[in-house]
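Here is what each chain is made of, one letter per residue.
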Amino acid sequence: MSVDMEAHAIVLSGDCGVDEAESFVTMLESRPDLPIDLTGTAALHTSLIQAIMLFQPVIIGAPSVDFLARWVIPSLNPRSS
Amino acid sequence: MDELMAQFRIEARELVQQSSEDLIALEREPSDRSRLESVFRSIHTLKGSVGLFDFQALHQVLHCAEDLLSGARDGSIDVDLSLIDPLLAVVDWIDGIIDPIAETARLSEQQVIVANSLLGALQKVIAAPIQTAPALLAESIPQWASDFQAKMRDQTPCADGLVAIAYTPHPECFFNGDDPFATMAHVPGLRHLTFSLNEPLASRADFDPFRCNLVLRAIAEGPLDRIQAVFRLLPDQVRLFELASQAPLSPAMEPSTASQAAGADRNAVLLRIDAARIDALVEIAGELVAAKNGLLPLAGRARESGDDALARQIFASQSEIERLVNALYGAVTQARMVPVDQTFRRFARLVRETAARHGKAIELVIEGEATEADRNVVEALFEPLLHLVRNAIDHGVEAEADRLAASKRARARLLLRARQRGDRIEIEVSDDGRGMDPARVRAAAVAKGLLTSDQAQAMTDLESLQLVFAPGFSTARVVSDLSGRGVGLDAVKTAIHKLSGSLEMTSELGTGTSFVLRLPVSFSMSQLMVVEVGRERYGVPLEDIVETHRLAAADIRSIRAGQAFVLRQQTVPLLYLSDLLRLERPVAPTADLKVLIVRSGDDRVGVAVDTLADRAETLTRPLGGLLEGMHGILGTTLLGDGRVLLVLNMEELIG
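Cut-off values and rules
Residues numbered from 1 in each chain as written. Chains lettered and ligands numbered in written order. Predicted model: local features only at pLDDT ≥ 70, side-chain atom pairs only at ≥ 80, totals over all residues. Helix = DSSP H or I, 4+ residues; strand = E, 2+ residues; numbered from the N terminus. Buried ≥ 20, exposed ≤ 12 C-beta atoms within 10 Å, placed from the backbone. Contact = placed C-beta atoms within 7 Å. Pairing = 2+ DSSP bridges. Axes fitted to C-alpha atoms, helices over the stretch in contact; angles between N-to-C directions. Nonpolar A, V, L, I, M, F, W, Y, C, P; charged D, E, K, R; others polar. Core = buried A, V, L, I, M, F, W, Y, C linked by C-beta atoms within 7 Å.

Draft legend 1. Quick look at the overall build of chain B. On a plain count of helices and strands, chain B comes out with 23 helices and 22 strands. Taken over 655 residues, chain B has a buried fraction of 32%. Sequence-distant contacts, at least 24 apart, represent 70% of the contacts inside chain B between residues at least 6 apart.

This is the structure we're talking about:
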């Protein structure tokens, strides 16, 4: 689906692919104060995971996808809630 | 050139040499795992050294070569000629540019162009479709995996064992549609996953979202083939390690750390020392040998003055010092010893190339390469051996068709073998080629006017073959007419003689030719006979002296202007050392003469001296400065009493 900047967070919903990478990075750069919301994330492309590793935003919500929730998100960011 | 660059030059040479040797060995035996590991290590280390300098194009080539070898190690690239040839081309090229680039500290434009074309050739190998199913399986288990395994020990074991996965996605992988995490999500039975940046970024400004800069490490439940299936399209980016379930923790290390550790180990036992420093030690030790002899006369004087106790003490210290000095001398000499391997290994590539140029298949067999000899001997061996090996390939070995017609193996065998025989090293160069025909050698020698046909007829076959060593025997025309060889064999023999060695040849028509070189293991110490003429003393190398002879004045025959005597039914010319040295000759001899019988070419010559003093084991130093190259003098040495002794070169004096 898409990556959107909303008032409270950058929201990643549905299948987030490599084509979102550039705009996602621009958002992270412009609003380092905003958390990212992964509640509705169905798939997260490696390029986006890499950007999260680097910018270390606060993460809110947990994706329903077992692989991401179990293996990826916990290691992404110590500040994640 | 700065020190770092000088070091690079030395190291690069060694690494290139090692790589080339390993690659040639791999060509013969593609399954030789240790050679593959060795060439990988060499290229890896070389890449590291090159990285210290501004040799970017070279670095890229080595990087690519390393990737290829890494692929060969994990089985994703086949070890065959399509891999070895471009790698050898790279190694050859580097061999040729080490010196120039070490001088200028940069690559010339020309060199960059060559580098790029080599890089292209290497990349073609990577791009080639993989024929066999990717094995992906690496041998040693990385540290992180064994750490994890240790933590897992009290958990439920997995029936099919565990597999450690190290996945370093290609930086450009996103453009190929790869999504490394999605791939990882497909791994069945995941037990553990960590990931991190592959290379730390200097700043976020450097971040390129479309470039993958990650390392993923995982542990999953076997069986292995299920996991291999997931990564089958990414063999070059993934390495799998099978962890035995419940296996005791092994101290295995990641290959790169393992090789570093091995390198560190080597550093601990090997020290690179400037040869000049060792030489200085050898000299000092040699002088000590002489100096300790000075104690003996002291003891004698103590005894003469009636102090027996002091004399005994001096004797005791003298023998103790003698023992220690000899041990010291032995140890320092040992430090100059190197294995002949250094010289031998240079032939692997040479034989391969020369044979290919002549369209002949030749197998080089090297034996006894660990045999050691003095560094100078080993270095000096190369030229003569080069002659012999080239000759063997050029002339000794027949064309393949001729070999088959003679019921021989199509592939010829060239043997290079070293052995130690007492204080000499024996090196054999033999081929199983066509051998030499004594009749043709005789005919060629007669045609060259070296001897008359009558003389030739009187020769045995064995003697005839030795004609190939005669100066002037070999000219290009004769050699090409003749089935055998002969190119500069007299030059080879002369070179070996200069090293105080000998060269012998045997050859059998149809079965091959064999050369045997015999050289002293070490030059440093030589045995001298000390002789007196008038009031002077001189040293004569013992190896020059066949025997000593006491000659009654009455037995001297005058022949024209010269003198001679008969020794065992042979007339031997008699010379006087005093004449040879242009000293005053003592009045006509009345008593018996002391005569040294010395070799002069194939003949023997008697050289009369006044007194045969003692023998001495000393270190002869070549003349330096103004005296350098002085006719008839080999060098100087110190005697126990501190006097300098001139060592004579008998061959020069007589000739």
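From this point, the narrative continues.
Draft legend 2. Here's a closer look at the overall build of chain A. The helix and strand inventory of chain A stands at three helices and five strands. Starting at the N terminus, the α and β elements of chain A follow one another as β-β-α-β-β-α-β-α. Counting the 81 residues in chain A, one finds 37% classified as buried. When contacts within chain A are restricted to residue pairs at least 6 apart in sequence, those whose partners lie at least 24 apart make up 51%.

Draft legend 3. Region of interest: the sheet that holds strand S19 (residues 603-609) of chain B. All names here are of chain B. Reading across from one edge, S14-S18-S19-S17-S16-S15 is the order of the six strands in this open sheet, with mixed pairing throughout. One side of each edge strand has no neighbouring strand; the edge strands of this open sheet are strand S14 (545-551) and strand S15 (557-559). Along the sheet, successive strands turn relative to each other by an average axial angle of 40 degrees, direction set aside. Where strand S18 (residues 593-600) and S19 come together, seven bridges link them in antiparallel fashion.

Draft legend 4. Geometry of the interface of chain B and chain A. Listed by partner, the interface residues are 19 residues for chain B and 17 residues for chain A. Looking at the side of chain B that touches chain A, the elements with two or more residues in it are helix H7 (180-185) and strand S2 (190-197) of chain B. Residues of the side of chain B that touches chain A, tallied by class, amount to 15 nonpolar, two polar and two charged.

Draft legend 5. Broad picture of the nonpolar core. Ranked by size, the top nonpolar core spans 49 residues in total, and within it A:Phe24, A:Leu48, B:Val163, B:Ala164, B:Ile165, B:Ala218 and B:Ala220 carry the most contacts. Here B:Val163 is in contact with B:Ala220, B:Gly222, B:Leu224, B:Ile227, B:Leu240, B:Phe241, B:Glu242 and B:Leu243, once residues within four sequence places are set aside. Grouped together as the second largest cluster of nonpolar side chains are 42 residues, B:Val351, B:Ala392, B:Ala445 and B:Leu503 included.

Draft legend 6. Quick look at helix H2 (residues 46-55) of chain A. All names here are of chain A. Of all the 10 residues making up H2, seven are buried; the element is thus mostly covered by neighbouring parts of the structure. Every buried residue of H2 is listed here: Thr46, Ser47, Leu48, Ile49, Gln50, Ala51 and Ile52. Immediately beyond the C-terminal end of H2, within one or two residues, lies Gln56, with a positive phi of roughly 50 degrees.

Draft legend 7. Representation of the sheet that holds strand S4 (residues 238-243) of chain B within the structure. Residues and elements named next belong to chain B. On the basis of which strands lie adjacent, the open sheet formed by four strands has the order S2-S3-S1-S4 and antiparallel pairing. Pairing within the sheet leaves two strands with one partner each, and these edge strands are S2 and S4. Averaged over neighbouring strand pairs, the angle between their axes works out to 15 degrees when direction is ignored. Relative to strand S3 (residues 214-221), strand S1 (residues 162-167) runs antiparallel, the two sharing six bridges. Its bridge partner lying in S3, Ala166 is registered against Arg217.

By themselves these figures say nothing about function.
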